[in-house]
Amino acid sequence: MDLATLQALNAARAGRRAAVVFTDLETDRSVLCVEGERCADEWIDAMTAALRSGKPGMIMAGGRSLFLNVYLPPPRILVVGAVHISQALARMAAVAGFDLTIVDPRTAFATAERFSGVELIAEWPEDVLKARPLDRFTAVVAVTHDPKIDDEPIRAALAAGCFYVGALGSRKTHASRVERLRRFGVSDDALAQIKAPIGIDIGAASPAEIAVAILAEIIEALRRRDILSGSEAHR
Amino acid sequence: MQVLVDTLDPLAVAEAWVGDGRQVAIATVIETWGSAPRPVGSHLVIDGAGNFEGSVSGGCVEGAVISEAADILETGKAKILEFGVADETAWRVGLSCGGRIRVLVERVDG
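Conventions adopted
Residues numbered from 1 in each chain as written. Chains lettered and ligands numbered in written order. Predicted model: local features only at pLDDT ≥ 70, side-chain atom pairs only at ≥ 80, totals over all residues. Heavy atoms only, no water. Helix = DSSP H or I, 4+ residues; strand = E, 2+ residues; numbered from the N terminus. Buried < 20%, exposed > 50% of the residue type's maximum accessible area, 1.4 Å probe, protein only. Contact = heavy atoms within 4.5 Å. Areas by Shrake-Rupley, 256 points an atom, 1.4 Å probe, with all protein chains shown as cover. Lys, Arg positive; Asp, Glu negative; His and termini not counted. Charge placed at Lys NZ, Arg CZ, Asp CG, Glu CD. Pairing = 2+ DSSP bridges. Axes fitted to C-alpha atoms, helices over the stretch in contact; angles between N-to-C directions. Buried area = accessible area lost by both parts, 1.4 Å probe. Salt bridge = Lys/Arg side-chain N within 4 Å of Asp/Glu carboxyl O. Polar contact = N/O pair within 3.5 Å; in protein donor to acceptor, adjacent residues only side chain to side chain. Nonpolar A, V, L, I, M, F, W, Y, C, P; charged D, E, K, R; others polar. Core = buried A, V, L, I, M, F, W, Y, C linked by side-chain atoms within 4.5 Å.

Trainee: How would you explain the overall build of chain A if you had to name every residue and give the values?
Mentor: When helices and strands are counted, chain A shows eight helices and nine strands. Across its three principal directions, the C-alpha atoms of chain A cover 60 × 40 × 30 Å. Scored against the burial criterion, the 235 residues of chain A give a buried share of 46%. Of all intrachain contacts in chain A linking residues separated by at least 6 positions in sequence, the fraction that spans at least 24 positions is 56%. Taken as a whole, chain A presents about 11800 Å² of accessible surface, with 52% of it coming from carbon and sulfur. Charge separation in chain A, taken as the distance between the mean sites of 28 positive and 30 negative side-chain charges, equals 4 Å.

Trainee: Before we move on, can you summarise the sheet that holds strand E2 (residues 30-34) of chain A with the specific residues and values?
Mentor: Residues and elements named next belong to chain A. The strand order across the open sheet formed by four strands is E2-E1-E4-E3, and the pairing between neighbours is antiparallel. The strands lining the two open edges of the sheet, one partner per strand, are E2 and strand E3 (57-61). Averaged over all pairs of adjacent strands, the angle between their axes in this sheet comes to 30°, without regard to strand direction. Note: E3 against strand E4 (residues 64-71), five bridges, orientation antiparallel. By the bridge assignment, Ala 61 is partnered in E4 with Arg 64. Packing against the sheet, helix H1 (residues 3-14) makes contact with strand E1 (19-24), E2 and E4, and its axis sits at approximately 20° to E2.

Trainee: Which residues make up the interface of chain B and chain A, and what are the values?
Mentor: The partner chain A presents 20 residues to the 25 residues of chain B that form the contact. For the pair chain B and chain A, the summed buried area comes to about 1700 Å², and 63% of that belongs to carbon and sulfur atoms. At the boundary of chain B with chain A, the tally comes to one salt bridge. With a shortest N-O distance of 2.6 Å, A:Arg13 and B:Asp9 are connected by a salt bridge. Applying the counting criterion to the chain B and chain A interface returns nine residue pairs in polar contact (both at pLDDT 80 or more). When residues of the side of chain B that touches chain A are traced back to their parent elements, those giving at least two are helix H2 (10-19), strand E1 (24-33) and strand E5 (100-107) of chain B. In the side of chain B that touches chain A, the residues fall into 13 nonpolar, five polar and seven charged.

Trainee: I'd like to hear about the sheet that holds strand E5 (residues 76-80) of chain A, residue by residue, with values.
Mentor: Residue and element names in this part refer to chain A. Overall, parallel pairing links the five strands, which are arranged E7-E6-E5-E8-E9 in an open sheet. In this open sheet, the two strands that pair with only one neighbour each are strand E7 (119-121) and strand E9 (164-167). Along the sheet, successive strands turn relative to each other by an average axial angle of 15°, direction set aside. Here five bridges tie E5 to strand E6 (residues 99-103), and the two strands are oriented parallel to one another. Directly across from Arg 76, in E6, lies its bridge partner Asp 99. Where helix H8 (residues 207-224) meets the sheet, its contacts fall on E5, strand E8 (138-142) and E9, and the angle it forms with E9 comes to roughly 155°.

Trainee: Just give me the short version of unusual backbone geometry, but keep the residues and values in it.
Mentor: Residue and element names in this part refer to chain A. A cis amide bond links Ala 196 to the next residue, Pro 197, at an omega of -5°. Examined against the element boundaries, Pro 197 turns out to sit in the loop between helix H7 (188-192) and H8. Despite not being glycine, Arg 16 shows a phi value in the positive range, around 55°. Within the fold, Arg 16 resides in the loop between H1 and E1. Overall, the relative accessible area of 16% leaves Arg 16 in the buried class. With phi around 75°, His 145 is a residue other than glycine that occupies positive phi space. Topologically, His 145 is positioned in the loop between E8 and helix H5 (147-160).

Trainee: Residues and numbers for the nonpolar core, please.
Mentor: All names here are of chain A. One finds Ile 77, Val 141, Tyr 164, Ile 214 and Ile 218 to be the most contacted residues of the largest nonpolar core, which totals 28 residues. If one sorts the elements of this core by residue count, H8 sits on top with seven residues. When near neighbours in sequence (up to four residues on either side) are disregarded, Ile 218 contacts Ile 77, Phe 98, Ala 139, Val 141, Phe 163 and Tyr 164. Listed in part, the 23 residues of the second largest apolar core include Ile 121, Cys 162, Ala 167 and Ala 190.

What follows is the structure, encoded as structure tokens:
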């Protein structure tokens, strides 16, 4: 691999763009294709298939034996709401290997003191999402209890195909949320993707226990679903 | 947290090492058979002094890959290494689980 290819690959990975590298095993020449950028016609079909399956491996192309490697962005969690649950979730997510960002426009909640060492943005989610769009490798956790703050990122997460969308609130609260989102044109199929009440059912009571339930549900979504197609993976 | 992840990312380490003026080889698992310890696509990066980051077998054959990398850094010619129970050398270096792997080792050329 030449240095320019390595640098371009690392830049794509740092920018959370999926990438595929084709290496000709005879000549040791490498070709990089990055999602959303131009790629020579001869590579497009193999790249599309690789991004869909997420699987690296040997392929034959034009009578040549090629190794194809796939680089998908690492999973991350966007938490809407700088609340007590988020404080616990931020610590646990770091241990489990997720990048995590917390967004909350309420500056009384979003203080550096409460969230030491955590990436915290004290702005409206819709403003944050303009600069950093959601992708299917992101989990969105909405826990403010305030529709003015939660609804828009939930809608955006469903539109972006995020691999997990969870929202805090009782069944009654969720039923009214579903009604509001339906009025905004969100389809019933998309609404059915929302995990609510949030978290796997382990009888969690304290904020830290609820954070465990949420993190477990995120891991389940990541490992048991094909996050590329959104369908259930075969186990 | 970000810093920790970056230092454990073999390809980011490879780029940083080249930036430091070091020679760097990248080893990549290209095929596996049976119960291989690391999946296809896994990377190990090695510099001219034998420093390394990442893994291609979770510790089974890294030693052999690192010593082969020294030659590849010198000649610049990529090589495909194969390890498995059928291979005398691999048995000696110990792919304990009984799987078989092929590893591409290539130099980063600036």
